Amino acid sequence: MMRRWLWSTGAWLEHRLGLKDSVWPMMRHPVPRGANWWYVFGSATMTLLIIQIVTGICLALVYVPSPDQAFESLEYLNYHQYMGWFLRALHYWAATGMVCMLFVHLTQVFLFGAFKYPRELTWIVGVGLLACTLFMGFSGQVLRWDQDAYWGVGVGASMAGRVPIIGPQVVELLLGGTQIGAPTLSRFFALHVFVVPGLLISLLVLHLYLVLRKGISEPPVPGKPVDPKTYEAEYEEKLKGGEPFFPDSMWRDAIFSFLTILVAVGVAAYLGPYGPRSVPDPTLIQANPRPDWYFLWLFALLALSPPEAETFIMLVLPVLLFGILIVIPFVSNTGERSWRRRPIAVLSVISVFVTFVVLTYLGFTSPWSPEMEAWSATTVPENMIQWTPDLKKPEDKHTLSPVQLQGAVVLQNKNCRNCHALDGKGGHRGPDLTDVATRLTRDELIRQVIQGGGNMPAYGKQLKPAEVDALVDFLGTLRPKDQPGARSSASLSP
Amino acid sequence: MLLSLLTLTGCGKLPGQPNPDDRPVRPDQMTDFRTLFRENCQGCHGADGRMGPAPPLNDKLFLTIAPESSLREIITNGRHGTLMPAFLGFDKKQADLTNRIQQREGGHLTDTQIDAIVKGMRAEWGGKPDVSAPLPSYLADDPKAKGALVGDKDNGADVYMMACAGCHGDNGEGGKRGGKLNDPAFLALVSDQLLRRIVITGRADLGMPNFADPAPAARPKSFAPMTNQDVADVVALLASWRKPAPPAPAK
Amino acid sequence: MAEACEKTAENPTRRRILEWTAIGLGIISTLVLAIPILSYLVGMLIRRQPDEWIDLGPVKKFPVGQTLLVEFLNPKAQPWDGLTQKASAYVRHVQAEKFQVFAINCAHLGCPVSWFPASGLFMCPCHGGVYYEDGSHASGPPPRGLFEYDYQITAQGTLQIKGGHLPTLQDPMRKPRPGEKA
């Protein structure tokens, strides 16, 4: 009875929907044999996107996109809303996973030459999806309305302000006014929650439509180049020996996607939500703003590039990078697909990844930034105050003289430690001073302190003669205790 | 799998769940002594208030003689004539958040935080010092000491020979155990009050004895704890070594 | 269906009229929709809010030779702006009536600079920009010195600055005076 009822309802629906003729063939579309585990990253990215949509909607139920309460609502989510912390964590870590998975997918498609004829448009739409995802990352960081978000918007606006001629207008459009404030957060909320997700989903539908229409690329075989004249006929031929996507080929995607979900949930449960960090109070100037990890490379690039190249890097480089991605399928439309026969492609992937990793690492350590609190928070290593020259005689201790102790205080007080480390601790903008006395003589030290030079400002005006004397006296002790100090080149020459 | 689901929805606490105690504190509302000391003081005064280049604060004798008002005053305004900077940023009187002006150049602590540092030092490191002799006053013009102490450098020379010369040399030229005191740069960078403090407390962390420590290896058998006046006299002697105008750095 | 199509096709003039009416109405309705919506979106450019004079406090609160941080409220703030309606600036009292008021935003990319009186330097925590006490560039990537506000001293002896927008390279707090380096 029940079964007959179900059957008749199904038949009624099928008569109206006609799924058997539309969706079913799509599910059963043949996939060339050999489509293997390399093909699962796209669907995993989509799975993470679905997590993002679901958790995003849930978070929007509580989050207040207004600067006077955004931070409080995030804290409410973290500490009061039941499971609020977990959804925040999942939204953050699934976003991280989505960016990673997207890049893996992109790299795989690139190395397998899957962007070549006739799938150029699929690739281009994919590049659009990448742009949307990265914007979601940045705007998501802004919605986490803490100190990083506040100054991050400021950095974004300052970059936009460099656009020739209309810079100031672009800044106001971005901020929604003349200052970072309520309209800024509101518009990033609208973009993050309505505009870009809408765009993202539309592009995704187009992407999937193209994948179905042009079929999944068969695994490349070295020595079998793509020829637009014959490719499609050959592909049709291959499909005859293929397997249907559902259910045969789908299991791999399903397994990998479910594993991805488990990992995302596990990481979220284990590592918890990220932030919000300090309150978004612009008057708390002891801030140390940092972007989320996927923009650390840009952060590093902006610190390391020469000033003349900066405006180019901020405004032209992103356009150029996306331009290159879009142009790739046209420049290299035919020919070999296998990465074994495409050394330039392999080399460029390697160099892009190495650059990314190196810049991200540099962005993470940011050796160019003065450590703003080092002068008052980073101690002078105790073995530079008092040390035992001979380990066999521990009672025979050497101590800095009173003036050298004052010199060490000068070093701290004059904020030298913000840029100079002792024993690796302190800023890294300038050289580590741990054994500076082996490199510079007293006269050279005095000259460097007073006149500056290299990247170091001149301190002549800021230091009293006694302070210079004491400081240099102390710096003169900074060498391995069994090594003599530097001798002036004048005394070395005959 | 089931188990993890149970922990997810159940009562178990997952490692990722944020603890309300860890929530970020506004830097101007942080009143934890250890954190404040770590961020603002230990650069010069050393981790745990000792073994830094600047005088140790983790010193029972110092914390006993130095009145709370002095400590608060020094942190607030810095110590004139030395490298100790002022730390007061905004004080309670400026509750009107619409327009506040920083009280001391470069300072960023509130008066509440300065109070927390003063109280914290006394609570963590204070206590009865291991000294039986009568304690000299911290300030030379201590109101309790019936008028300002005036040091006499000739008498100071005698006290110096008894208490200091063993390490620092007869003329302050320095020796194996103690560094040079008769150094124009050193004397230009320290105030008489700082000299007074070091003469009284010594530097226990670096092995320098205090005003009362017989220190048999360094001081003669005839050594007697310095009196309030003795300390003032030694400081007068050291101050007399100070050159009127500091010399230009050697070129 | 096919018959209907043929029928209209029989009368080309009528069909033409229908076509042009549809196209014309389409254009008009698009404009009627787009103009208000687009001007809503770029409204802040059409009615740009000019900077305003902001009170920083009595001149006597700024000792000569010192550089002090001042907090004030952004005059453009909305009631729901919360903490972000606060803003700050550095006031350097050079001598008598001469002041320099710096924006806290680094001229490189807008991060907040800190003032270190002991070394006489402003330092930026982001990309390592460093400035001298007069705001001029000392080291690091910034292409110019710190942004300076225009200031005035009222008859009552109050220091005021002209502010209200985020300073950027092409839109600094004030245009450099003739003969002055930016």
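Chains are numbered independently. Their residues run from 1 in the order of the written sequence. For this description, chains carry letters from A and ligands carry numbers from 1, given in the order in which they are written. Reporting in this predicted model follows two pLDDT cut-offs: at least 70 for local features of residues, and 80 or more for side-chain atom pairs to be given and counted; totals over whole chains, interfaces and linings ignore these cut-offs and use all residues. For side-chain calculations, the full set of non-hydrogen atoms in the structure is used, while hydrogens and water are omitted.

Novice: Quick one: what's the story with the overall build of chain C, residue by residue and with numbers?
Specialist: Helices and strands together make up the secondary structure of chain C, namely three helices and 10 strands. Radius of gyration: over C-alpha atoms. The globule rule applied is 2.2 Å multiplied by the number of residues raised to the 0.38 power. In terms of overall dimensions, chain C is more spread out than a globule: its C-alpha atoms have a radius of gyration of 28 Å, far above the 16 Å expected for 182 residues. Across its three principal axes, chain C shows a C-alpha extent of roughly 95 × 40 × 35 Å. When a residue's accessible area, from a 1.4 Å probe over protein chains only, is under 20% of the maximum for its type it is buried; when over 50% it is exposed; and in between it is partly exposed. Taking all 182 residues of chain C together, 47% fall into the buried category. The Shrake-Rupley method, run with a 1.4 Å probe, gives the accessible areas here. Residue values count only the displayed protein chains as cover. Within the structure as shown, chain C displays about 9,500 Å² of accessible surface, and the carbon and sulfur contribution to it stands at 61%. Segments assigned H or I by DSSP are reported as helices when at least four residues long, segments assigned E as strands when at least two residues long, and all are numbered from the N terminus.

Novice: Residue-level account of the overall build of chain A, with values.
Specialist: Within chain A one finds 20 helices and four strands. The C-alpha atoms of chain A give a radius of gyration of 30 Å, which is well past the 23 Å a tight globule of 494 residues would have. Across its three principal directions, the C-alpha atoms of chain A cover 100 × 60 × 55 Å. Burial status across chain A gives 50% buried among its 494 residues. Contacts between residues were defined by any pair of non-hydrogen atoms, one from each residue, lying within 4.5 Å. Put simply, 76% of the contacts in chain A that link residues at least 6 apart link residues at least 24 apart. Element-wise, carbon and sulfur atoms account for 68% of the exposed surface of chain A, whose accessible area totals about 23,800 Å². Counting 40 positive and 38 negative side-chain charges, chain A places the averaged centre of each group 7 Å from the other. Counted as positive: Lys and Arg. Counted as negative: Asp and Glu, with His and the chain ends omitted from the count. By convention, the point assigned to a charge is CZ for Arg, NZ for Lys, CD for Glu and CG for Asp.

Novice: If you had to explain a nonpolar patch on the surface to someone new, which residues and values would you point to?
Specialist: Residues and elements named next belong to chain A. The patches reported here contain residues having more than 30% relative accessible area and no salt bridge. Joining distances are 9 Å for like charges and 5 Å for nonpolar side chains (Val, Leu, Ile, Met, Phe, Trp, Tyr). Salt bridges are defined by distance alone: a side-chain nitrogen of Lys or Arg within 4 Å of a carboxyl oxygen of Asp or Glu. A grouping of W12, L13, L17, L19, V23, M26 and L212 is seen on the molecular surface, where their side chains present a nonpolar patch of about 620 Å² in accessible area. Among the secondary structure elements, those contributing two or more residues to the nonpolar patch are α1 (2-17) and α2 (19-27). Positionally, L17 belongs in helix α1. Owing to a relative accessible area of 53%, L17 belongs among the exposed residues under this scheme.

Novice: So what's going on with the interface of chain C and chain A? Which residues, and what values?
Specialist: With 57 residues of chain C in contact, the opposing surface of chain A contributes 63 residues. At the boundary of chain C with chain A, total buried surface from both sides reaches about 4,800 Å², with 60% on carbon and sulfur atoms. Of all residues in chain C, the largest losses of buried area upon contact with chain A belong to L109, L166 and Q170 of chain C, amounting jointly to 14% of the total for that side. The tally of links from chain C across to chain A stands at two salt bridges. Here E172 of chain A makes a salt bridge to R48 of chain C, at a shortest N to O gap of 2.6 Å. Under the rule applied, a polar contact is a pair of N or O atoms within 3.5 Å (in protein, one hydrogen donor and one hydrogen acceptor; residues adjacent in sequence only if both atoms are side-chain atoms). At the boundary of chain C and chain A, one finds 24 residue pairs in polar contact (both at pLDDT 80 or more). Taken together, the elements giving at least two residues each to the side of chain C that touches chain A come down to α3 (43-46), β2 (67-73), β3 (86-95), β5 (114-116), β6 (121-123), β7 (130-132) and β8 (137-139) of chain C. The biggest single contributor to the side of chain C that touches chain A is β3 of chain C, with four residues. A quick way to say it: buried area is the sum, across both parts, of accessible area lost when two parts are put together, with a 1.4 Å probe.

Novice: Account for the state of the cysteines, naming residues and giving values.
Specialist: For this text, the term disulfide refers to a pair of cysteine sulfurs within 2.5 Å. Applying the stated criterion across every chain, the model contains one disulfide over all chains. Disulfide partner of C111 of chain C: C126 of chain C, at an S-S distance of 2.0 Å. Across the S-S bond of C111 of chain C and C126 of chain C the torsion is about -80°, and the bridge reads as left-handed. With a gap of 15 residues between them, C111 of chain C in the loop between β4 (98-103) and β5 and C126 of chain C in the loop between β6 and β7 connect regions that are remote in the sequence. For the pair shown, C111 of chain C and C126 of chain C are each scored as buried. Unpaired in this structure, C419 of chain A has its nearest cysteine sulfur neighbour in C416 of chain A, at a distance of 8.8 Å. Of the cysteine sulfurs around C41 of chain B, a residue in no disulfide, the closest is that of C44 of chain B, at 9.3 Å.

Novice: Break down the domain arrangement of chain A for me, citing the residues and quoting the values.
Specialist: The extent of an interface is frequently quoted as the accessible surface area lost upon association of the parts. Per the annotation, domain bounds derive from an automatic or database assignment of domains. Per the domain assignment, the segments making up chain A are domain 1 (26-364) and domain 2 (374-486). Spacing between the C-alpha centres of domain 1 of chain A and domain 2 of chain A amounts to 47 Å.

Novice: So what about the sheet that holds β8 of chain C? Which residues, and what values?
Specialist: Residues and elements named next belong to chain C. A pair of strands is treated as paired once DSSP finds two or more bridges between them. Read across the open sheet, the four strands follow the order β5-β6-β7-β8; overall the sheet is antiparallel. At either margin of the open sheet sits one strand with a lone partner, and together these are β5 and β8. Averaged over all neighbouring strand pairs, the angle between strand axes comes to 35°, with direction disregarded. Bridging between β7 and β8 involves two bridges; their strand directions are antiparallel. The partner of V130 across the bridge, within β8, is S139. To obtain an axis, a line is fitted to C-alpha atoms, over the contacting stretch when the element is a helix, and the angle between two such axes runs from 0 to 180 degrees between their N-to-C directions.

Novice: Tell me about the packing of aromatic side chains, and please be specific about residues and values.
Specialist: All names here are of chain B. Only Phe, Tyr and Trp rings take part, Trp by its six-membered ring, and two of them pair if their centres are within 6.5 Å. Stacked means planes under 30 degrees apart, edge-to-face means over 60, and tilted covers everything else. Under the counting rule described, the total for this entry stands at 33 aromatic pairs over all chains. Plain terms: the ring middles of Y160 and W241 are 5.5 Å apart, the flat faces sit at 80° to each other, and that makes the pair edge-to-face. Of this pair, Y160 sits in helix α7 (residues 153-163) while W241 sits in the segment after α11 (228-240), and the two are 81 residues apart along the sequence. Overall, the relative accessible area of 1% leaves Y160 in the buried class. Judged by relative accessible area, W241 falls into the buried class, the value being 19%. The ring of F90 has R100 lying over it, and the distance from NZ or CZ to the ring centre is 4.0 Å. Only Lys NZ and Arg CZ are tested; either one counts as a charge over a ring when it is within 6 Å of the ring centre and within 35 degrees of the ring normal. One cation-aromatic arrangement involves R197 over F62; the distance from NZ or CZ to the ring centre is 4.0 Å.

Novice: Go over the nonpolar core, please, and point to the residues and values.
Specialist: The definition of a nonpolar core used throughout is a set of buried Ala, Val, Leu, Ile, Met, Phe, Trp, Tyr and Cys residues joined through side-chain atoms within 4.5 Å. Counting 93 residues, the largest nonpolar core has L475 of chain A together with M121 of chain B as the members making the most contacts within it. With seven residues, helix α19 (residues 465-475) of chain A is the single largest residue contributor to this core. Excluding its chain neighbours within four sequence positions, the residues that come into contact with L475 of chain A are L411, L433, V436, A437 and L445 of chain A. If you look at the next biggest cluster of nonpolar residues, it comprises 70 residues, including L143, L185 and L301 of chain A together with I161 of chain C.

Novice: Provide a residue-level description of the sheet that holds strand β9 (residues 150-153) of chain C, including the pertinent values.
Specialist: All names here are of chain C. Across the sheet, three strands lie side by side as β1-β10-β9; this open sheet has antiparallel pairing. Here the strands that pair on one side only, and so sit at the sheet edges, are β1 (52-58) and β9. Geometrically, the sheet is characterised by an average inter-axis angle of 30° between neighbouring strands, direction not taken into account. The sheet contact formed by β9 and strand β10 (residues 158-163) spans four bridges and is antiparallel. Paired with I153 across the strands is L159, a residue of β10.

Novice: Please provide a residue-by-residue account of unusual backbone geometry, values included.
Specialist: Cis geometry marks the peptide bond from F246 of chain A to P247 of chain A, where omega comes out at 0°. Positionally, P247 of chain A belongs in helix α11 (residues 245-271). Backbone torsion omega between G275 of chain A and P276 of chain A reads -5°, so that peptide bond is classified as cis. Its place among the elements puts P276 of chain A in the loop between α11 and α12 (296-304). Unlike most non-glycine residues, I165 of chain A shows phi in positive territory, near 65°. Its place among the elements puts I165 of chain A in the loop between α7 (147-160) and α8 (167-175). In this model, D48 of chain B sits at a positive phi of 65°, which is unusual for a non-glycine residue. Relative to the assigned elements, D48 of chain B resides in the loop between α3 (42-45) and α4 (60-65).

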